[in-house]
Amino acid sequence: MNRQRLIEPSLLAADPGRLAEQMALAERGGAGMWHFDVMDGHFVPNLSFGPHICAGLHRYTKLPIDVHLMVDNPSRIIDPFLAAGAASLVLHVEVHDKEPLSQMLREIRAAGAVPAVALNPRTPPEAAAQYLPLVDRVLVMAVEPGYGGQELLPDSYERVRAVRALANRVRPNLQIQIDGGVTKQNAPSILEAGADILIAGSAVFDAPDIEARCREFAEILCSGGASS
Ligand code: DX5
Ligand code: ZN
């Protein structure tokens, strides 16, 4: 197993008025990548950030920005996010778009960014199978998308295990991300189920010491939950 393990703080949970300060703390604590949640009020009920904010952060940070597109018709905003410096783009398998998902994933790869797919909690893990040859990561949603601060759904471990088993047949180096309700308490079991990247919003930014909390996650990533 040589898949890189990372803690990926979700900026949705950061204090917008202290974003730069909180990002610096998380980076000092060992954050490996930023999770940037994009919501359109259609695919999910909430609204969040767009390409303009991504471009601003890209100028400010050296860490890669991982853009999670919770939007319908993602094909319309792939190019703006690539231009805004997104290092990777995560597309939901459930979205409606006139352009096929596989085509969009190829375009992301051709532009030099990392393509990934995401699965909602009620989507069977097998729905990712057809995209595995085209992506480097699969993001498993452990909560219904749209809001931070929810509790991880208990069947998420099984879902991670199922995606890992699918990936091991065709793409052993494929990374699995888990998104929603991740805490330092459940992180070891998530890693043991086969996840590589822990996306954590409130567990990082609501912590009394953001830097120390990232360090705790980084230690769990080094020591806990041998994945296969
Ligand atoms: C939810 C987002 C998540 C969210 C995670 O729709 O995709 O990335 O910010 O936040 P926590 O870790 O608080 O569940
Ligand atoms: Zn997300």
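Up top is the structure these notes are about.
Everything numeric in this text was worked out from a predicted model, so none of it was measured.

Participant: Help me understand the site of ligand 1, please; the structure alone is not making it clear to me.
Facilitator: Residues in close proximity to ligand 1 total 19 residues, the closest being Asp-37, Gly-146, Asp-179, Gly-201 and Ser-202. Within the side chain of Ser-10, one N or O atom sits 2.8 Å away from an oxygen atom of ligand 1. Taking Gly-181, its main chain carries an N or O atom lying 2.8 Å from an oxygen atom of ligand 1. In the complex, 99% of the free accessible area of ligand 1, which totals 380 Å², lies under the protein chains. Taken together, the elements giving at least two residues each to the shell around ligand 1 come down to β2 (34-39) and β3 (65-70). A breakdown of the residues in the shell around ligand 1 according to their chemical character gives 7 nonpolar, 10 polar and 2 charged.

Participant: Explain the environment of Thr-123 here, please?
Facilitator: By the secondary structure assignment, Thr-123 is in the loop between β5 (114-119) and β6 (137-141). In the structure, Thr-123 is positioned 36 residues away from Arg-159 in sequence and 9.7 Å away in space, judged by C-alpha atoms. A polar side-chain atom of Thr-123 sits 2.5 Å from a polar atom in the side chain of Glu-94.

Participant: In this structure, what is going on with the packing of aromatic side chains? I would like to understand it.
Facilitator: Pairs of aromatic rings are described using the distance from one ring centre to the other and the angle between the two planes. Applying the stated criterion to the full structure yields 2 aromatic pairs. Residues Phe-36 and Phe-81 carry aromatic rings whose centres are separated by 6.1 Å and whose planes lie at 70° to one another, so their mutual orientation is edge-to-face. Of this pair, Phe-36 sits in strand β2 while Phe-81 is found in helix α3 (residues 75-83), placing the two residues 45 residues apart along the sequence. On the basis of relative accessible area, Phe-36 is assigned to the buried category, the value being 0%. Among the residues examined, Phe-81 registers a relative accessible area of 0% and is labelled buried. Within the aromatic cluster, the residues linked to one another by ring pairs are Phe-36, Phe-49 and Phe-81.

Participant: What am I meant to see in the pairing of strand β8 (residues 197-200) here?
Facilitator: In summary, the side chains of a regular strand alternate between the two faces of the sheet. The two faces of β8 match: Ile-197 and Ile-199 on one face and Leu-198 and Ala-200 on the other face are all buried. Where the polypeptide runs from strand β7 (residues 175-179) across helix α6 (residues 187-193) and back to β8, its parallel neighbour, the crossover connection is right-handed.

Participant: Honestly, the coordination of the zinc ion (ligand 2) in this entry has me stumped. Any pointers?
Facilitator: Around a metal, the perfect tetrahedron of four donors has angles of 109.5 degrees, and the perfect octahedron of six donors has angles of 90 or 180 degrees. Distances from the zinc ion (ligand 2) to its protein donors, His-35 (NE2), Asp-37 (OD), His-68 (ND1) and Asp-179 (OD), fall within 2.1 to 2.3 Å. Each of the 6 donor atoms around the zinc ion (ligand 2) contributes to a set of angles spanning 70 to 174°, which defines the coordination as octahedral. In terms of primary sequence, the donors binding the zinc ion (ligand 2) are separated according to H-x1-D-x30-H-x110-D. Taken as a pair, His-68 in strand β3 and Asp-179 in strand β7 lie far apart in primary sequence, 111 residues in all. Per residue, the accessibility class of His-68 equals that of Asp-179, and both read buried.

Participant: Would you take a moment to explain the pattern of salt bridges for this structure?
Facilitator: Once their charged atoms are close, side chains differing in charge can pair, the charge on each being opposite to the other. By the definition in use, this model includes 12 salt bridges. The partner of Glu-158 in a salt bridge is Arg-161, and the shortest N-O contact between them spans 3.5 Å. Of this pair, Glu-158 and Arg-161 are both found in helix α5 (residues 156-170), 3 residues apart, which corresponds to roughly one turn of the helix. The exposure class of Arg-161 is partly exposed, given its relative accessible area of 40%. Among the charged side chains, a network of salt bridges with common partners joins Arg-3, Arg-164 and Asp-196.

Here is what the cut-offs are and how they apply
- Residues numbered from 1 in each chain as written.
- Chains lettered and ligands numbered in written order.
- Predicted model: local features only at pLDDT ≥ 70, side-chain atom pairs only at ≥ 80, totals over all residues.
- Heavy atoms only, no water.
- Near = heavy atom within 4 Å.
- Polar contact = N/O pair within 3.5 Å; in protein donor to acceptor, adjacent residues only side chain to side chain.
- Areas by Shrake-Rupley, 256 points an atom, 1.4 Å probe, with all protein chains shown as cover.
- Helix = DSSP H or I, 4+ residues; strand = E, 2+ residues; numbered from the N terminus.
- Nonpolar A, V, L, I, M, F, W, Y, C, P; charged D, E, K, R; others polar.
- Phe/Tyr/Trp six-rings, centres within 6.5 Å; stacked < 30°, edge-to-face > 60°.
- Buried < 20%, exposed > 50% of the residue type's maximum accessible area, 1.4 Å probe, protein only.
- Right-handed = clockwise from strand over helix to strand, strands pointing away.
- Donors = N, O, S within 2.8 Å, 3.2 Å for Na, K, Ca; no water.
- Tetrahedral: all angles 85-135°; square planar, octahedral: opposite > 155°, others 65-115°.
- Salt bridge = Lys/Arg side-chain N within 4 Å of Asp/Glu carboxyl O.

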